[in-house]
Amino acid sequence: MLKNHLQVAFRSILKRKSYTIFNITGLAIGITCCLLIFQYVAYEKSYDRFHKNVNNIYRLRLDLHDQGKLTMQSATVFAGVAPLLKKDLPEVENYCRLIDTRISWQGNEPVQNNVVLVNEERNIKALENKGYYADQGFLDMFSLDILKGDKNVSLNAPGKIILSETLAKKYFGNDDIVGKQITIREGGNKYSYLITGVFKDYPTNSHLSFDYLISYSTFVNMIKHLGAPEGLNPETTLGWYDYYVYLQIHPGTDQKKLDADLVSFSNKYLNNEYSRAHNNRTDLYSMPLKDIHLYSHYNEEAGINGDGKSVSFLFLIAFLIIIIAWINYTNLATARSLERAKEVGIRKVLGAVRKNLMVQFLSESFLLNLAAVIIAVILTFCFTPAFNRLIGTTSVKGFYLPLPYLVGFLSLFVTGAFISGIYPAFVLSGFHPIAVLKGLFKNSTSGMFVRKGLIIGQFATSIILIAGTIVIYQQVNFMRNQSLGADISQTLILNGPGEKQDSSYTTSYQSFKNEILRINGIKNMAASSGVMGKEIYMTNSAFLVNSKNKSAVTVYTLYVDADFLSSYNLQFKAGRNFVANDPGDKQTVVVSEEALKLLGLNDPQKALNEILYNYDDSLKIIGVVSNYHQLGLNRPMLPVIFVPRPEINNFYSIKFQANSVRNVIASVEKIWNDYFPQNPFSYYFLDDSFNAQYKTDSAFGKVFGLFSFLAISIACFGLLSLSAYNVLQRTKEIGIRKVLGAPVRNIVYLLAKDFMLLVCIAFLIAVPVAWVVMNSWLHDYAYRISISWWIFLIAGIIALLIALVTISFQSIKAAFANPVKSLRTE
């Protein structure tokens, strides 16, 4: 019996080729969109889930409150809390600490230098900044596949390093390297490490990205050797928070209880009577390892994380698009009800019962959906690389869905195919044979209401997506074009040479700078510890010495030379810039308006000559500059202070003329190789780097726009089917009106007005929903646009025009038809 139903269904599908093409096309597009998004969402949610202990690993977060106000949340914390937590909290099973290998110590503070790996035997050297100092506990807690060496002792003593498979081949070819030495140059120092292991390249779907790990005890010894005070010992420090700390918790531990215990721990070790008296707090909280990629957006993140809200939006869009496609199938199937009414009547006269007819029509639905799925899988294979390029990821090379998502999709497909097929089957199998065969068949009013309701739903969804696309485009455009308060255009950034910052380097740098400034097309050059678009890792507690309220606040410190502020055209509200080679400027500082406000002053003039206490230094304020955006406009304004340091060499900023880029780079590289032959030449353009912060938002906008277009295209299939159905119902009416002299425009208006009304109703439903949804999306941006009324108007007009064009195709065709053909049976 089932075989018979499938054969008849197959013949029926082949008989109506145009109907079949319309249906399969709409369904295939909808299912392809759904599969592409499912695949992307599955990848984004897979981050760090390859670890065996993923459900029991948490990373600590640090919250700083100044004067009762939350001023900073950091993904890094104090290294000393790890062993204390293991001792005090029974739920803590193990811990590990990581710190970036670029971080070192010089003078009386931490510094960040570039790291150069060197194989002296093969004379291979390169900048390698993707590494960490790590506890042996990291290898115990995290799933790192060690290919060579003993995992249990790879990082258990000073001077040990393990390399990724790719890095090992880069420096040693196919040699067996366990037991060999590799050299690292950093901050003017040179270290030799014993290679104790090679690990399989770390998966890309992790919030951490590294090519090598050095034993944590190496860092402890290095910092002691470089003269750091005992209070900042990396084993015990509760004052230096550049460390990622991970805890492995006993299975079954409740995170809320863990966080409550962390707050109690913070009160015991991190908050003293002084901080409480000034309403300052430092608290620790936990973040599940599996949530870091999508939901952690704090200071000093290990890399650029994804956006959980955007991923959820795309997941919702996938459902909406496939639902629109199934609505289309329902409308197309019911639009054919007149065509198939006599078929149903004859079948019933010949003895067919309603149950058999429903099975027959459901079989057709199943075959059409199955054909659409097969085509969709092929299309997904073909379009996955292009989709990955569009969204800026290399998630998967071909079509792949993890088992839970595959099961979810198949469940959704079976449910959707059944529901979209059951209504047409129910309608078609319910025709009365006598009425149909006498030509008295007429569709029910309730059925028409259902179809119109489906059209309204489709277009309401489409209008929401169109409005959302406009809002996203406006927000990204706003962030890209808003004044930053600093001039980052035509700026070449060189990664510093990592030389020891002393008087010898200062003399060498001045000669290097003089030669750079002689190059035709270069306007200025400056040195600094950071540049726009890069996080400032140096944060300190500061207060004004003469202030009545000596409560310390957290400020961000940039070390700069005398040309930095003028090179970036930072505007002075009061005071002056630093003067090069002026001994009197050694203990001075320039502050931003935001820092001044945080310190309790609003008048820049009154701030001049005030003494700022900052990390054991008393600095005289000689200038106040306007606020500027150190990071993108999706982040709040930072309270920055600028401290003069002529020997700083983390970044060189070179201002150049637009028409001389190639010559400038070639000339700068030649001079670099003369002065710093041991250090690889590495550069980038500042505006490109800064705008890369908006890469995720920009990609999300493109994807949102693409699927909005596809959603409304699929909706137009449904509208086309319903307008065709309407014309078929009113064929004789149109013929009579033409015979009686009705002009074409009146007939077109008559056929189109009801559908235009449906789109207008959809618009009224969509506007408040779109406003709520997009306002929620914008909420996380520190600087954002206001949603204007005209955005919804444009979205409505676009939907209305597309609908009008779609309807006009059938309406004009009907209006120009010969009335004799429609009336000849009368």
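Reading guide: rules and limits
- Residues numbered from 1 in each chain as written.
- Predicted model: local features only at pLDDT ≥ 70, side-chain atom pairs only at ≥ 80, totals over all residues.
- Heavy atoms only, no water.
- Helix = DSSP H or I, 4+ residues; strand = E, 2+ residues; numbered from the N terminus.
- Buried < 20%, exposed > 50% of the residue type's maximum accessible area, 1.4 Å probe, protein only.
- Contact = heavy atoms within 4.5 Å.
- Areas by Shrake-Rupley, 256 points an atom, 1.4 Å probe, with all protein chains shown as cover.
- Axes fitted to C-alpha atoms, helices over the stretch in contact; angles between N-to-C directions.
- Left-handed = near helix turned anticlockwise from the far one by under 90°.
- Salt bridge = Lys/Arg side-chain N within 4 Å of Asp/Glu carboxyl O.
- Pairing = 2+ DSSP bridges.

**What to know about the overall build of the protein chain**
- When its secondary structure is counted, the protein chain shows 26 helices and 26 strands.
- Relative to its full complement of 826 residues, the protein chain shows a buried share of 54%.
- Nonlocal contacts in the protein chain, meaning residues at least 24 apart in sequence, comprise 81% of its contacts between residues at least 6 apart.
- Summing over all exposed atoms, the protein chain offers an accessible surface of approximately 36,000 Å²; the carbon and sulfur share of this is 58%.

**Re the packing of helix α3 (residues 81–88) against helix α7 (residues 255–269)**
- Relative orientation of the contacting elements α3 and α7 amounts to 115 degrees, with a least axis distance of 12 Å. For α3 against α7, the interelement crossing comes out right-handed. For the pair α3 and α7, contact is made by V81, L84, L85, K87 and D88 and by L262, F265, K268 and Y269, respectively.

**Side note on helix α6 (residues 216–225)**
- Taken together, the buried positions of α6 are Y216, T218, F219, V220, M222 and I223.
- Phi for G227, located one or two positions after α6, is positive at around 95 degrees.

**Regarding the pattern of salt bridges**
- Inspection of the entire model under this criterion finds 20 salt bridges.
- The salt bridge involving R122 is made with D175; its shortest N-O contact spans 2.9 Å. A residue pair is termed long-range when its members are at least 10 positions apart, and R122 in the loop between β6 (115–119) and β7 (124–127) and D175 in the loop between α5 (165–172) and β11 (181–186) qualify at 53 residues.
- When its relative accessible area of 41% is taken as the criterion, R122 is described as partly exposed.
- Between D561 and K513 there is a salt bridge, with its nearest N and O atoms 3.8 Å apart. Of the two residues, D561 is situated in the loop between β19 (553–560) and α17 (564–567) and K513 in helix α16 (residues 503–517); the sequence distance between them amounts to 48 residues.
- Looking at K513, the relative accessible area reads 5%, which means it is buried.

**Comments concerning the pairing of strand β1 (residues 57–66)**
- Among the ten residues that make up β1, ten are buried, leaving the element largely enclosed by the rest of the structure.
- The two faces of β1 match: I57, R59, R61, D63 and H65 on one face and Y58, L60, L62, L64 and D66 on the other face are all buried.
- One ladder, built from three bridges, connects β1 with strand β14 (residues 244–249); its direction is antiparallel. Bridge assignment links R59 to a residue of β14, and that residue is Y246.
- The pairing of β1 with strand β2 (residues 69–74) spans five bridges and is classified as antiparallel. What sits directly across from D66, in β2, is K69.
- Connecting β1 to the antiparallel partner β2 that follows it, the hairpin turn spans two residues, and Q67 within it adopts a positive phi of roughly 55 degrees.

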